Amino acid sequence: MKLGTKILLCILGAAALIIGIYQGYLTFRYRLHRDYRNVLTAPAEFEAGTPFSGTSDSDAPAGMVLAANNEMLKLFVNPETAEVAVFDRRTGVTTFTNPPGAADDPIAGEVNKSFLQSQLIVEFYDSNRLPGIYNSFGFSTSLGQFEFESLVNGLRITYTLGDMSYQYGSVPLYISAERLEFFTSRLDSERDARDVTLRYEPSDEAPGFLQLNEASRTGQATLRRLNERFEEMGYTETDLMADLEASGAGGAIPIAFVVPLEYRLDGDSLVVSIPTGQITEKGGGRLFRIQLLRSFGAGGAEEEGYLMVPNGSGSIIYFNNGKTFADDYMQYVYDLDPLMQEFIVLGNSEPARMPYFGIQRTGANPQGILAEIQSGDTLSDITASVAGIIGIPAAQNKTNSYNYVYPSFTLRGSLSLAMFGSTGNEAELPVVEMNFADVDLVVRYSFLTNEHYGYSGMARYARESLIERGVLTPNNAAGGDDIPFYMSLLGSTIGQRRFLSVGYFGQFPVTTFAQAKEISDTLAASGIANQVINYQGWFNRGYYHDVPDRIRLVRQLGDKSELENLSQRVESMGGKLFLDVAFQQATFASRRFNWQIETSRYYGPGMVAIQGFNCPDCYGNITGMGYRERLHCLVSPKFLGRYVDDFLKAFGRYNVTGISLRDLGDDLHSDRKRTEMINREEARDIVVSSFGRLAGAVDSLMVSGGNAYSFAFGSDFINVPISHNAIYIVDEEIPFYHMLLSGSANYAGPPINLSSAFDEDEIIARLVEFGASPHFTFTAEASAELKYTGKNHVHASTFDNWRDSSVRIYSAVNEVLSRVSGSAITEHEVLPDGQRRVTYDNGVIIEIDGNNVSVGGVAR
């Protein structure tokens, strides 16, 4: 062998060895990583039911029987319609899953009357991927396709939704030759057997099967004779369904869904659940969305009251508000999965950060119902609407005469694939996930007495429940301490620099550790001691940092001792220093992130989840506006736990107060990789597990955004909603979110100096009403220094420019809220003249009239 050939073979062998080693590294490092599965929660064990036997009861509504009862509630069911009612022993009020007069609604058409009389509405795709919808009244209960079972403290109703009628009776449209021969051999007459066999021919729709020929399908006399023959063979309905299903032919079996709906009494609550693992799909249909108890507790056109919805800070919608032409309220809990969002973003909105909604009747027989989505909340959205008005044209009216709010659950993801033909025609083909999420969908409806009247009572009840479950811990403070002054300090970020006309990415330090100490000292000299600092851009190349698997301080900001001295200085005054980190969003400029493997995927092998800023020209949300670092990959939940563990190992060397979590309590996304899909329920399990490890490793956690699943872990929350979305159908803005957190954690809204509008008096009044502390973003250097960086949108951050305004705002807010620091809001009232009144559990009452604030009748 020639020397050149030997050298070439050695080179090729070395290359193959290197490639093999690298592929082995990728396999063991990424592809075989399965640790996340250890923290996933399994659905509850399915309870075996027993035969149902309802009993009569003096409190039973007409046509209903008693299914279960406890010391507070009675559960009734109508055996003919599957409608359920709950009688509250304490108040004597009965609440129905469906309005008693639904069938005679003067506004609703036939379809909407069916919706009013349904407990479930399922949306699906058929075998041809065409969308369809079944309601439980029209496609189950009115057809007698439902069964009852008794449960401990409750009832299970199993619905078969779909038209199960079969046009050929007992005669199979498709059957294999072997099966046909087996059954015809049971006939006594060979002539009859031959007659049946001749009615079948090879099928084009179901290869390998025989199909009933067209003449037999259309001849009524022939069909009657064939039905007699198959009954004589002992051919059962089970055999029929088995043969049709085995054929796999589209449309052979009617599309149907078997869905169990469970009701259980628990204290003062009705717990409603759907164990999705027990849902059965038939006929090639794929269920993707369920609307649950759409009309539960609905308020009639003659009733007074309102609906409470989790719109940002919280909103109420008055019964019969006359906004019949307004769109219904609809919002995803924890916002829409970022992987499923549209490319075009037309505006910013406050997400729904809490899985609560409610109904309050305010008339002669007041009654409140608070609903909490306790499982499946990450897959849910909440819809609310008001009653229509008789006589208004249908195009400008609502669909029925009731005010209602309900949850829906999206169990399957789907997308529309654009198809283009050679002739220039185009069409959209829906692509639907193979399997739906195996979770328990659980909604707890709590029936409230006058002790928990109104939306304030709902918030108190929810807060008391969170405390009882260990999610929140009350401060039990009487007030008197200064409230926190929140400031996000931007340390450094990478940007475009030039040296000898050569461009490169370098650091732009705008607030060093020493400068941060100077800002802190300046504020302390102005009387602000309780400083809570969120220090951003301190490690791994600044704000748009590399993945946090290790920690390397930005040397231009200072060294480790300076950082720790800053923390000790702030803590000595009663404040806290939190160091900011992003775990779920990895900048596209990260040096150690394998974006092709570690990024969440959107079905296709080449479609990874990358997002950025919203482009002001095209409104797309994947632009970096010329700055690569602004683009970020959504880290797959599969790898989240490993990054958290690696970060904590490195962070243990730093003696600072705690960690500020930029995205862990704000962003919740799935991974739609087809071979290893992680849905949002599973992603939430992984996120909550990460929260637990972080909370156990540091003294305090700061959480940005503050979705409800983060409540148990944060001591401080920033960027929480300080307003609702001004949707036309809503009537009042309320601080429901803040009533949950108050008295257990400190919180602040987005940075005041980065907002689009600035009015000191209006800001002060809003912060006082919501019990929130001021929050500012500062840089020691002029914000103009950020012009050529990815943080150039931070255009009003210079501390020297904001020092006086920030001190004035804090002093004014602190003068009022220091009297209730550590106390919980027990009552928030919207008074008839537009004023607001806020009552705390230490007895302090605050009134807000426009921009004027008074405490206990004494003007500020």
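Keep in mind that what you see is a predicted model, and the values were worked out from it rather than measured.

J.: Describe the overall build of the protein chain, and please don't skip the residues or the numbers.
T.: Helix and strand content of the protein chain: 17 helices and 48 strands. Here the C-alpha radius of gyration of the protein chain, 32 Å, is about what a compact globule of 860 residues would show, namely 29 Å. Taking the principal axes of the C-alpha coordinates as reference, the protein chain spans close to 105 × 105 × 50 Å. Here the protein chain holds 860 residues, and the buried ones make up 57% of them. Summarising the internal contacts of the protein chain: among those between residues at least 6 apart in sequence, 69% fall at separations of at least 24. Summed over its atoms, the accessible surface of the protein chain is roughly 36,500 Å², and 50% of this surface lies on carbon and sulfur atoms. Once the 70 positive and 103 negative side-chain charges of the protein chain are each reduced to a mean point, those two points are 10 Å apart.

J.: Can you tell me about unusual backbone geometry, naming the residues and giving the values?
T.: Although it is not a glycine, A82 sits at a positive phi angle of roughly 70 degrees. The topology assignment puts A82 in the loop between β3 (73–77) and β4 (84–88). The class for A82 is buried, based on a relative accessible area of 0%.

J.: Tell me what's going on with a nonpolar patch on the surface, and back it up with residues and numbers.
T.: A cluster of nonpolar side chains, namely L3, I7 and I11, defines an oily patch on the protein surface of about 310 Å² accessible area. Note that L3 resides in helix α1 (residues 3–31).

J.: I'd love a proper account of the packing of aromatic side chains, names of residues and values included.
T.: All told, the structure shown has 39 aromatic pairs when counted by the stated rule. With a centroid separation of 6.3 Å and 55 degrees between ring planes, the pair formed by F296 and F447 is classed as tilted. With F296 in the loop between β16 (286–292) and β17 (299–300) and F447 in strand β27 (residues 440–448), the pair connects residues that are 151 residues apart, well separated along the chain. In this pair, the class of F296 matches that of F447, namely buried. With a centroid separation of 6.1 Å and an interplanar angle of 90 degrees, the aromatic rings of F711 and F717 are classed as edge-to-face. Among the aromatic residues, those joined into a cluster by ring pairs are F485, F758, F776, F778, F799, W802 and Y810.

J.: How would you summarise the side chain of S660 if you had to cite specific residues and measurements?
T.: Tracing the chain through its elements places S660 in strand β37 (residues 658–661). Taking the relative accessible area as the measure of exposure, S660 reaches 1% and is therefore buried. A polar contact is formed between the side chain of S660 and the side chain of N534, at a distance of 2.8 Å. Those residues in contact with S660 that sit more than four places away from it in its chain are N534, F578, L579, D580, V581 and M702.

J.: Got a sec to walk through the environment of A516? Specific residues and values, please.
T.: Along the chain, A516 turns up in helix α10 (residues 513–525). Residues A516 and E110 lie 406 residues apart in sequence; the distance between their C-alpha atoms is 67 Å. When near neighbours in sequence (up to four residues on either side) are disregarded, A516 contacts L489, T511, Y535 and L566.

J.: Describe the packing of α10 against helix α17 (residues 799–817), naming the residues involved and giving the relevant values.
T.: Packing of α10 against α17 leaves a shortest axis separation of 11 Å and a crossing angle of 30 degrees. One element, α10, and the other, α17, form an angle in the roughly parallel class. Crossing of α10 over α17 shows right-handed handedness. Two secondary-structure elements touch here, α10 through I519, T522 and L523 and α17 through F799, R803, S806 and V807. For the contact of α10 with α17, the class distribution of residues is four nonpolar, two polar and one charged.

J.: Which residues make up the sheet that holds strand β35 (residues 610–611), and what values go with them?
T.: Across a sheet, strands are paired by hydrogen bonds formed along the backbone, either parallel or antiparallel in direction. The sheet built from three strands is open, its strands ordered β33-β36-β35 with antiparallel pairing. Lying at the two open borders of the sheet, with one neighbouring strand each, are β33 (585–587) and β35. Relative to strand β36 (residues 632–634), β35 is paired through two bridges, and the arrangement is antiparallel. Paired with Q611 across the two strands is H632, which belongs to β36.

J.: Explain the pattern of salt bridges to me, using residue names and the numbers behind them.
T.: Two side chains carrying opposite charge are able to pair once their charged atoms lie near each other. Overall, the coordinates contain 46 salt bridges when judged by the stated rule. Across the pair E372 and R469 runs a salt bridge whose closest N-O atoms are separated by 3.0 Å. Pair noted here: E372 is in strand β22 (residues 367–375) and R469 is in the loop between α9 (454–468) and β28 (485–490), with a separation of 97 residues, a long-range link. When salt bridges that share partners are traced, they join E47, E149, R156, E262 and R264 into one network.

J.: Outline the nonpolar core, listing residues and values.
T.: In terms of nonpolar packing, the biggest core is built from 174 residues, with L75, I157, Y535, W538, I659, F736 and I846 touching the most fellow members. It is α17 that provides the largest number of residues to this core, a total of nine residues. When sequence neighbours within four positions are dropped, the list of residues in contact with I846 reads V768, V816, L817, R836, R837, V838, Y840, V853, S854 and V855.

J.: Now, about the pairing of strand β6 (residues 120–125): what can you tell me, with residues and values included?
T.: Burial analysis of β6 places six of its six residues in the buried class, the great majority of the element. Neither face of β6 is exposed, since L120, V122 and F124 on one face and I121, E123 and Y125 on the opposite face are all buried. Pairing between β6 and β16: six bridges, direction antiparallel. Across the sheet, the residue bridging to L120 is L292, located in β16. Relative to strand β7 (residues 131–135), β6 runs antiparallel, the two being bridged by five bridges. Considered in β7, the bridge of V122 is made with Y134.

J.: So, α17: which residues are in play, and what are the values?
T.: Of all bends in α17, the biggest is about 30 degrees, found at S805. Three or more residues of α17 are buried, namely F799, W802, S805, S806, V807, I809, Y810, A812, V813, N814, V816 and L817.

J.: Account for the packing of helix α5 (residues 190–198) against helix α7 (residues 220–233), naming residues and giving values.
T.: Packed helices, taken two at a time, are described by the angle their axes make and the gap between the axes. Packing of α5 against α7 brings their axes to within 11 Å, and their N-to-C directions diverge by 120 degrees. The angle between the axes of α5 and α7 places the two elements in the oblique class. Handedness of the α5/α7 crossing: left-handed. Between α5 and α7, the contacting residues are D192, D195 and V196 on the first element and R225, L226, R229, F230 and M233 on the second.

J.: Lay out the sheet that holds strand β11 (residues 200–202) with the relevant residues and their values.
T.: With antiparallel pairing, the three strands of this open sheet are ordered in space as β10-β12-β11. The sheet terminates laterally at β10 (174–175) and β11, the two strands that pair on one side only.

J.: Please give an account of a negative patch on the surface that cites residues and values.
T.: Together, D188, E228, E231 and E232 line one region of the surface with negative charge. Within the secondary structure layout, E231 lies in helix α7.

J.: I'd love a proper account of the side chain of N753, names of residues and values included.
T.: Tracing the sequence through the fold places N753 in the loop between β42 (746–747) and α16 (760–770). According to the relative accessible area criterion, N753 is buried, its value standing at 3%. A polar contact is formed between the side chain of N753 and the backbone oxygen of T777, at a distance of 2.6 Å. Discounting residues that sit within four places of it in the chain, N753 has contacts with F776, T777, A796, S797 and W802.

J.: Describe in detail the environment of T55, supporting the description with residues and values.
T.: Note on placement: T55 falls in the loop between β1 (50–51) and β2 (65–69). Among all residues touching T55, those that are not within four sequence positions of it are V65 and L66.

J.: Describe α10, listing the residues and the values that go with them.
T.: Residue pairs spaced three or four apart in an α-helix point in one direction, given the helix's 3.6 residues per turn. Given a rise of 1.5 Å per residue, 13 residues ought to cover 18 Å, and the 18 Å separating the end C-alpha atoms of α10 matches this to within 8%. Of all the residues in α10, the buried ones are F513, Q515, A516, I519, S520 and L523. All buried residues of α10 lie within an arc of 160 degrees about the axis, which places them on one face of the element. Opposite the buried face of α10, by more than 90 degrees, sit the exposed residues E518 and A525. On its buried side, α10 packs onto β28, β31 (531–536), α11 (560–572) and α17. Of the residues one or two after α10, G527 is the one with positive phi, at around 95 degrees.

Rules behind the numbers
Residues numbered from 1 in each chain as written. Predicted model: local features only at pLDDT ≥ 70, side-chain atom pairs only at ≥ 80, totals over all residues. Heavy atoms only, no water. Helix = DSSP H or I, 4+ residues; strand = E, 2+ residues; numbered from the N terminus. Rg over C-alpha atoms; globule rule 2.2 N^0.38 Å. Buried < 20%, exposed > 50% of the residue type's maximum accessible area, 1.4 Å probe, protein only. Contact = heavy atoms within 4.5 Å. Areas by Shrake-Rupley, 256 points an atom, 1.4 Å probe, with all protein chains shown as cover. Lys, Arg positive; Asp, Glu negative; His and termini not counted. Charge placed at Lys NZ, Arg CZ, Asp CG, Glu CD. Patch = residues over 30% accessible without salt bridge, like charges linked within 9 Å, V, L, I, M, F, W, Y side chains within 5 Å. Salt bridge = Lys/Arg side-chain N within 4 Å of Asp/Glu carboxyl O. Phe/Tyr/Trp six-rings, centres within 6.5 Å; stacked < 30°, edge-to-face > 60°. Polar contact = N/O pair within 3.5 Å; in protein donor to acceptor, adjacent residues only side chain to side chain. Axes fitted to C-alpha atoms, helices over the stretch in contact; angles between N-to-C directions. Parallel < 35°, antiparallel > 145°, perpendicular 65-115°, else oblique. Left-handed = near helix turned anticlockwise from the far one by under 90°. Nonpolar A, V, L, I, M, F, W, Y, C, P; charged D, E, K, R; others polar. Pairing = 2+ DSSP bridges. Core = buried A, V, L, I, M, F, W, Y, C linked by side-chain atoms within 4.5 Å. Bend = angle between axes of the 7 residues up to and from the residue. Expected span 1.5 Å × (residues − 1). Arc of directions from axis to C-beta.

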